[in-house]
Amino acid sequence: DARVTQTPRHKVTEMGQEVTMRCQPILGHNTVFWYRQTMMQGLELLAYFRNRAPLDDSGMPKDRFSAEMPDATLATLKIQPSEPRDSAVYFCASGLVIDGRVAEETQYFGPGTRLLVL
Amino acid sequence: GIQVEQSPPDLILQEGANSTLRCNFSDSVNNLQWFHQNPWGQLINLFYIPSGTKQNGRLSATTVATERYSLLYISSSQTTDSGVYFCAPRPMFSGGYNKLIFGAGTRLAVHP
């Protein structure tokens, strides 16, 4: 049963600390999405990768957030320095785009990382 | 940008009841997914349904893209159906990737 995995599942940290969240997409998938979910804003897209290349990160606060894909099996989202307003659940999703047919893609979500910044 | 409205915002059912959740969207779409977020926070794919009707067990979904709405039917509801249901369409002219826009969700509580 192929699944997206995320670590850690829960993270409590203090303001100013660096936070790194990791995602392992489903094997064979070529797209990765990072989302943030809060009560106020709902689900927001932060970043999008295809074939490991970042194609859209317009949803991320650039000064403190960064997203990378060091290889096809690992995506990372870093926050440095973290702030209390970053407290949220961060989801990673992956999908497969074949022959550029993006509208036919189905996204599969990981279990999320619940982040609390004190 | 596209507006996605889900109704009702909250729904309480007795186990065994049927229900219909609605998703209206303001622009043309060429992809639409329904998700269930269970009480533990996991987002689970229910349907990929840009148009037409699909069924999966007690759940079925219909999207009428030309009229800009999608419906999710839950029959014989069970307590395990509780959670939040999200509709997420992709605007047709949203660029080179599958940028889903999530609605605010319908929060469902099924009581025994």
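Calculation criteria
- Residues numbered from 1 in each chain as written.
- Chains lettered and ligands numbered in written order.
- Predicted model: local features only at pLDDT ≥ 70, side-chain atom pairs only at ≥ 80, totals over all residues.
- Heavy atoms only, no water.
- Helix = DSSP H or I, 4+ residues; strand = E, 2+ residues; numbered from the N terminus.
- Pairing = 2+ DSSP bridges.
- Axes fitted to C-alpha atoms, helices over the stretch in contact; angles between N-to-C directions.
- Phe/Tyr/Trp six-rings, centres within 6.5 Å; stacked < 30°, edge-to-face > 60°.
- Disulfide = S-S within 2.5 Å.
- Buried < 20%, exposed > 50% of the residue type's maximum accessible area, 1.4 Å probe, protein only.

*Asks:* Sorry, what's going on with unusual backbone geometry here?
*Replies:* What is expected of a backbone is that most residues other than glycine have negative phi and most peptide bonds are trans. The step from A:Gln80 to A:Pro81 runs through a cis peptide bond, and the omega angle for that step is -5 degrees. The residue A:Pro81 is located in the loop between β8 (74–79) and β9 (88–95) in this model. With an omega of -10 degrees, the peptide bond between B:Ser7 and B:Pro8 qualifies as cis. As for its position among the elements, B:Pro8 is in the loop between β1 (4–7) and β2 (10–14). Phi at B:Ser76 is positive, roughly 45 degrees, even though this residue is not glycine. Along the chain, the position of B:Ser76 falls in the loop between β8 (69–74) and β9 (83–91).

*Asks:* Just to check I follow, could you spell out the sheet that holds strand β7 (residues 65–71) of chain A for this structure?
*Replies:* Backbone-to-backbone hydrogen bonds pair the strands of a sheet. The strands run either parallel or antiparallel. Residues and elements named next belong to chain A. The sheet built from four strands is open, its strands ordered β1-β3-β8-β7 with antiparallel pairing. Every interior strand has two partners, whereas the edge strands, β1 (5–7) and β7, have only one. Strand after strand, the sheet turns through a mean of 20 degrees between neighbouring axes, direction not considered. For strand β3 (residues 19–24) and β8, the ladder comprises five bridges, and the chain directions are antiparallel.

*Asks:* What is the right way to read the packing of aromatic side chains from this model?
*Replies:* Aromatic ring pairs are reported here in terms of the distance separating the ring centres and the angle at which the planes meet. All names here are of chain A. Following the criterion strictly, the structure yields ten aromatic pairs over all chains and no others. Consider the rings of Phe-33 and Tyr-48, whose centres lie 4.7 Å apart with planes at 45 degrees: the pair is tilted. Remark: Tyr-48 occurs in strand β5 (residues 42–50) and Phe-33 occurs in strand β4 (residues 31–38); sequence separation between them is 15 residues. With a centroid separation of 6.0 Å and an interplanar angle of 75 degrees, the aromatic rings of Phe-91 and Phe-109 are classed as edge-to-face. One end of the pair, Phe-91, is in strand β9; the other, Phe-109, is in strand β10 (residues 108–109), with 18 residues separating them in the sequence.

*Asks:* For this particular structure, what's the right way to read the state of the cysteines?
*Replies:* One covalent bond between the sulfur atoms of two cysteine residues makes up a disulfide. Residues and elements named next belong to chain B. Evaluation of the coordinates by the stated rule reveals two disulfides over all chains. Two residues, Cys-23 and Cys-87, share a disulfide whose sulfurs are 2.0 Å apart. Its S-S torsion of approximately -55 degrees makes the covalent link between Cys-23 and Cys-87 left-handed. Highlighted residues: Cys-23 in strand β3 (residues 19–25) and Cys-87 in strand β9, separated in sequence by 64 residues.

*Asks:* I would appreciate a short explanation of the pairing of strand β10 (residues 106–111) of chain B in the present structure.
*Replies:* A regular strand places its side chains on the two faces of the sheet in alternate fashion. All names here are of chain B. Going residue by residue along β10, you find Thr-106, Leu-108 and Val-110 tucked away on one face and Arg-107, Ala-109 and His-111 left uncovered on the opposite face. Strand direction decides the pairing type here: β2 and β10, joined by five bridges, are parallel. Pairing of Leu-13 across the sheet is with Val-110, part of β10. As defined by bridge partners, β9 adjoins β10 across three bridges and the pair is classed as antiparallel.

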